[in-house]
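Coordinate analysis (summary)
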Amino acid sequence: MLRNKKIILGVCGGIAVYKAIELLRLLSKAGADVHVIMTRAAQEFVTPLTFQTLSGNPVHTELFNLIAEREIGHISLADRADLCIIAPATANCIGKIAAGIADDMLTTTVMATKAPVLFAPAMNVNMYTNPIYQENEDKLRRFGCRFVAPVSGSLACGWEGKGKLAPPEAIFEAAVSALSPRDLIGRKIMITAGPTREEIDPVRFISNYSSGKMGYALARAAQLRGAEVLLISGPTALPKPDGVRVVNVTSAVEMQNEVMTRLDGCDVIIKAAAVADYRPKMRSSTKIKKKADSTTIELVKNPDILAELGAINTGIKRRPFLVGFAAETDALVENASKKLKEKNLDMIVANDVSQVDSGFNVDTNRALLFFRDGSSSDCGLMSKDQLAGTILDYIITHLP
Ligand code: CTP
């Protein structure tokens, strides 16, 4: 979501400047083109060279720079920005911007930009709770600025309390949110993710290598775009995405129950879960002991949840837009097209799970998308986060 986005990172003076370096690293890693502006006080803590080396762009420190001013540095930077983040933002800087003062490169650029502005304040707890500061923050919020609240802890000044710069990851998430289109507001999306586990006995189960990464990336992206997201998740090691309602399940039958009882009102259902096709006919309530040299476990077919959804025509107000996944190791196009048709889907995301950069337990995917109308699209290699955004783009264009 941040790829090729131009981001101004304004850095004010404070001990938390070192965390801005980590934030810059996260933004750059996500593909953003970051332009750093440092106030004079910030340069007392860290030299511009650190930010310049990590961003790959010259750091702006002076309002009137003879070279940059050929194109009026602060104006051109302000015009080109997609987002302006100020981290750490001091009480002084926030106060000046709230009062309309533009007397250095950072405050002038913020005044001149039409891009969203995101403040991550860091200051002494008494400064933070001071009604003058609070009024300035309220005023900037009223004008549409966003804030990532500081966290509590022991502060550099010796005080305990709220005033520590939020963790770089939280500021990064707020940046992603600020740049996400809000084109799924009012939409309810159910997503299934992860593997299912089919128990053999209390200590053993049948499952697969699914990590849940693709489904979780979709849930996070849909939530950022304003959707109400319900994530039905098999066992994974992933953290719950912010703002997403998660229902944890273990087996295919449990997943079927949760999906079927919660589908009313859904506009879209995306079945990214790798559901086990079979489960043991009998589950032993005690640990099965090793005896014979060979043994057989009889398996019975699990319900095909997606096919069941595709067959629904009545009982719910309106059929949700149905998206399936096809994990294949061969004949990708044929198998995916067959599943699209047989399960009566609107769209299927096909990926070759035999490739090292596509499929289970990696951060990238190589997907082909097939649609009900016979059209298709090759997404090429991309991160699962990027693919999640692309899948949602396609879904939106097909929604009534
Ligand atoms: N699926 C499902 N319930 C099942 C099996 C699969 O809902 N019991 C869904 C998956 O979530 C996925 C799609 O069906 O969206 C295709 O899953 P996949 O494992 O690729 O194919 P299968 O239909 O199981 O067929 P096969 O294993 O023969 O390839």
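Numbers given for residues are sequential positions, taken from 1 along each chain in its written order. At least 70 in pLDDT is required for a residue's local features to be given in this predicted model, at least 80 for side-chain atom pairs to be given and counted, and no such filter applies to totals for whole chains, interfaces and linings, which use all residues. Side-chain descriptors were evaluated using all non-hydrogen atoms of the structure, hydrogens and water having been removed beforehand.

1. Description of the overall build of the protein
Across its full length, the protein carries 13 helices and 19 strands. The C-alpha extent of the protein, read off along each of the three principal axes, is 80 × 50 × 40 Å. Residues classed as buried in the protein amount to 50% of the 400 residues present. Two residues qualify as a contact provided that any one of their heavy atoms is within 4.5 Å of a heavy atom in the partner residue. Of the contacts made within the protein by residues no fewer than 6 positions apart, 66% connect residues no fewer than 24 positions apart. Carbon and sulfur atoms form 53% of the exposed surface of the protein, whose accessible area is close to 19,700 Å². With 47 positive and 43 negative side-chain charges, the protein shows a spacing of 4 Å between the two charge centroids. Labels follow the DSSP assignment, with helices taken as runs of H or I lasting at least four residues and strands as runs of E lasting at least two, numbered in each case from the N terminus. Exposed residues in this analysis have more than 50% of their type's maximum accessible area, buried residues have under 20%, and partly exposed residues fall in between, with area computed by a 1.4 Å probe over protein chains only. Every accessible area reported is derived by Shrake-Rupley at a probe size of 1.4 Å, with residue values counting cover from the shown protein chains alone. The charge count treats Lys and Arg as positive and Asp and Glu as negative. His and the chain ends do not count. By convention, the charge on Lys lies at NZ, on Arg at CZ, on Asp at CG and on Glu at CD.

2. Considerations on the pairing of strand S4 (residues 117-121)
Burial analysis of S4 places 5 of its 5 residues in the buried class, the great majority of the element. Side-chain alternation along S4 places Val117, Phe119 and Pro121 on one buried face and Leu118 and Ala120 on a second face that is also buried. Only strands that DSSP links by at least two bridges are regarded as paired with each other. When strand S3 (residues 83-89) meets S4, the two strands line up parallel, connected through 4 bridges. Considered in S4, the bridge of Cys84 is made with Val117.

3. Quick word on the domain arrangement of the protein
Many authors give the size of an interface as the accessible area that is lost as the parts come together. As assigned here, the protein comprises domain 1 (6-178) and domain 2 (188-398). Computed from C-alpha atoms alone, the centre-to-centre distance between domain 1 and domain 2 is 41 Å. Domain ranges listed in this record stem from an automatic or a database domain assignment.

4. Side note on the sheet that holds strand S18 (residues 364-371)
Spatially, S12-S11-S8-S13-S16-S17-S18-S19 is the arrangement adopted by the 8 strands of the open sheet, whose pairing is mixed. The open sheet has two edge strands with one neighbour each: strand S12 (245-248) and strand S19 (376-383). Sheet twist, expressed as the mean angle between neighbouring strand axes with direction ignored, is 15°. Bridge count for strand S11 (residues 228-233) against S12 is 4 bridges, and the pairing is parallel. Along S12, the bridge assignment pairs Ile232 with Val247. Fitting a line to C-alpha atoms yields each axis, with helices limited to the stretch in contact; the angle taken between N-to-C directions then spans 0 to 180 degrees. Relative to the sheet, helix H12 (residues 332-342) contacts strand S16 (321-328), strand S17 (347-352) and S18, its axis offset from that of S17 by approximately 155°. The sheet contacts of helix H13 (residues 384-398) involve strand S13 (268-271), S16, S17, S18 and S19, and relative to S19 the element is tilted by about 155°.

5. As for the sheet that holds S3
If you trace the 5 strands from one edge of the open sheet to the other, you get S2-S1-S3-S4-S5, paired in parallel fashion. The sheet is open, and its two edges are formed by strand S2 (33-38) and strand S5 (146-147), each paired on a single side. In terms of strand pairing, S4 meets S5 through 2 bridges, oriented parallel. Paired with Leu118 across the two strands is Arg146, which belongs to S5. The strands touched by helix H4 (residues 91-98) are S3, S4 and S5; relative to S3, the strand with the most contacts, the crossing angle is about 135°.

6. As for the pattern of salt bridges
In a structure, side chains of opposite charge can pair up when their charged atoms sit close to one another. Just to be clear on terms, a salt bridge is a Lys or Arg side-chain nitrogen sitting within 4 Å of an Asp or Glu carboxyl oxygen. Summed over the entire model, instances satisfying the criterion amount to 22 salt bridges. Between Asp33 and Lys6 there is a salt bridge, with its nearest N and O atoms 2.6 Å apart. Of this pair, Asp33 sits in strand S2 while Lys6 sits in strand S1 (residues 6-11); the two residues are 27 residues apart in sequence, bridging distant segments of the chain. With a closest N to O distance of 2.8 Å, Lys96 and Asp103 form a salt bridge. Several salt bridges share partner residues, and in doing so they unite Lys96, Asp103 and Asp104 into one network.

7. Things to note about H13
Taking 1.5 Å of rise per residue, the 15 residues of H13 would be expected to cover 21 Å, and the 21 Å separating its terminal C-alpha atoms lies within 8% of that figure. Among all positions of H13, only Lys384, Leu387, Ala388, Gly389, Thr390, Ile391, Leu392 and Ile395 are buried. If you follow the buried residues of H13, they end up packed against helix H9 (213-224), S13, S16, S17, S18 and S19. Expected span of a helix, by definition, is 1.5 Å for each gap between consecutive residues, and there is one gap fewer than residues.

8. Quick notes on the nonpolar core
Side chains of nonpolar character tend, in soluble globular proteins, to be buried together. We call a set of buried residues a nonpolar core when its members are Ala, Val, Leu, Ile, Met, Phe, Trp, Tyr or Cys and they connect through side-chain atoms within 4.5 Å of each other. Core analysis: the largest hydrophobic core is formed by 37 residues, its most contacted members being Leu9, Val11, Leu27, Val36, Phe51, Ile85 and Ile171. Of all hydrophobic cores here, the second largest spans 34 residues; its members include Tyr216, Ala221, Ala367 and Ile391.

9. Some words on the packing of helix H1 (residues 17-29) against helix H8 (residues 168-179)
At a minimum axis separation of 9 Å, H1 and H8 run at an interaxial angle of 45°. Looking at the two axes, H1 sits oblique to H8. With respect to the hand of their crossing, H1 and H8 are arranged in right-handed fashion. Between H1 and H8, the residues in contact are Lys19, Glu22, Leu23, Leu26 and Leu27 and Pro168, Glu169, Ile171, Phe172 and Ala175, respectively. For the contact of H1 with H8, the residue count by class is 7 nonpolar, no polar and 3 charged. Throughout this description, any angle smaller than 35 degrees is read as roughly parallel, any larger than 145 degrees as roughly antiparallel, any in the 65 to 115 degree range as roughly perpendicular, and the remainder as oblique. Take the far helix as your reference; a near helix turned counterclockwise from it by less than a right angle gives a left-handed crossing, and one turned clockwise gives a right-handed crossing. Residues are grouped as follows: Ala, Val, Leu, Ile, Met, Phe, Trp, Tyr, Cys and Pro are nonpolar; Asp, Glu, Lys and Arg are charged; every other residue, Gly included, is polar.

10. Quick notes on the packing of H9 against H13
Helix packing for two helices is described by the angle between their axes and how far apart those axes are. The geometry of H9 relative to H13 is characterised by a closest axis approach of 8 Å and an angle of 60° between their N-to-C directions. Relative to H13, H9 is oriented oblique. For the element pair H9 and H13, the recorded crossing hand is right-handed. The segment H9 lies against H13, with Lys213, Met214, Ala217, Leu218, Arg220, Ala221 and Ala222 engaging Lys384, Asp385, Leu387, Ala388, Ile391 and Leu392. Considered class by class, the residues forming the contact of H9 with H13 number 9 nonpolar, no polar and 4 charged.

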